[in-house]
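# Observations on the model geometry
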Amino acid sequence: MEIVEGIGIGIAVILGAILFLFIRRAVVTRSGGIIRLSVRTSTMLDGRGWSPGFGRFVGDELRWYRMVSFAVRPKRVLSREGLNVERRRLPEGQERMSMPADWVILRCTSRHAPVEIAMARSTVTGFLSWLEAAPPGAVSPRLAPQQDWPAA
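This write-up is about the structure you can find in this document. Bear in mind that the values here come from a model prediction, so they are computed numbers and not experimental data.

### Comments concerning the sheet that holds strand β1 (residues 34–40)
With respect to topology, 7 strands assemble into an open sheet ordered β4-β3-β2-β1-β7-β6-β5, the strand pairing being antiparallel. The sheet terminates laterally at β4 (76–79) and β5 (84–89), the two strands that pair on one side only. Sheet twist, expressed as the mean angle between neighbouring strand axes with direction ignored, is 35 degrees. For β1 and strand β2 (residues 50–58), the ladder comprises 7 bridges, and the chain directions are antiparallel. By the bridge assignment for β2, Ser-38 is matched with Pro-52. Strands in contact with helix α3 (residues 121–132) are β1, β2, β3 (61–66), β4, β5, β6 (103–109) and β7 (114–120); relative to β7, the strand with the most contacts, it is inclined by about 130 degrees.

Shown next as structure tokens:
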């Protein structure tokens, strides 16, 4: 009887963990602004170290969550203010087997350290638009001050 109880408890724990993962993802993705995004967490071996997940745009931050994780907080937060795209490339070698064919890898520099992120080619345009946009409520430095505009 002890074996059956142990198996039952094991199944209950596994089902609870799966349920938690689904609830976590639903809570994080409920308000939109979600993209599929992989982040390179290790550069020890060429073409390896990619961790799949999803990114969520929240104001001036891109918050990255691992796809399978029990953490409710983002694993990595990239601030728009100090983030620059250094170069863009297609997956090479081992990377081609770990991500979809239409993905692009962006090497970015931030205030803290360089970071490589990978996303679908169709998502890159939106990411770059977000990166170059002024924060909500702020005046873009590319625009002339309001008093210089002619009266309507």
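From this point, things continue past the structure.
### Regarding the pairing of β7
Within a regular beta strand, the side chains point alternately toward one face of the sheet and then the other, so they alternate between its two faces. Buried residues dominate β7, accounting for 6 of its 7 residues. Note: β6 against β7, 7 bridges, orientation antiparallel. Looking at β7, one finds that Trp-103 is bridged to Ala-120. Remark: 4 residues form the turn of the hairpin made by β6 and β7, two consecutive strands paired antiparallel.

### A short note on the packing of aromatic side chains
Counting across every chain of the model gives 3 aromatic pairs. Consider the rings of Phe-54 and Tyr-65, whose centres lie 5.6 Å apart with planes at 20 degrees: the pair is stacked. In this pair, Phe-54 sits in strand β2 while Tyr-65 sits in strand β3, placing the two residues 11 residues apart along the sequence. The exposure classification of Phe-54 matches that of Tyr-65, with both residues buried. Judged by centre distance (5.0 Å) and plane angle (50 degrees), the ring pair of Phe-57 and Trp-130 falls under tilted. You can see Phe-57 sitting in strand β2 and its partner Trp-130 sitting in helix α3, a full 73 residues away along the chain. Residue classification places Trp-130 among the buried residues on the basis of a relative accessible area of 11%. Pairwise contacts between aromatic rings join Phe-57, Phe-127 and Trp-130 into one cluster.

### Quick look at the pattern of salt bridges
Here the structure, examined in full by the defined rule, presents 8 salt bridges. The salt bridge involving Arg-40 is made with Glu-95; its shortest N-O contact spans 3.9 Å. Taken together, the positions of Arg-40 in strand β1 and Glu-95 in helix α2 (residues 95–98) put the pair 55 residues apart, joining distant regions of the chain. With a relative accessible area of 2%, Glu-95 lands in the buried category. When the shortest N-O distance is used, the salt bridge between Glu-95 and Arg-89 registers 2.8 Å. We note that Glu-95, like Arg-89, is buried.

Each value, and the rule that gives it
- Residues numbered from 1 in each chain as written.
- Predicted model: local features only at pLDDT ≥ 70, side-chain atom pairs only at ≥ 80, totals over all residues.
- Heavy atoms only, no water.
- Pairing = 2+ DSSP bridges.
- Helix = DSSP H or I, 4+ residues; strand = E, 2+ residues; numbered from the N terminus.
- Axes fitted to C-alpha atoms, helices over the stretch in contact; angles between N-to-C directions.
- Contact = heavy atoms within 4.5 Å.
- Buried < 20%, exposed > 50% of the residue type's maximum accessible area, 1.4 Å probe, protein only.
- Phe/Tyr/Trp six-rings, centres within 6.5 Å; stacked < 30°, edge-to-face > 60°.
- Salt bridge = Lys/Arg side-chain N within 4 Å of Asp/Glu carboxyl O.

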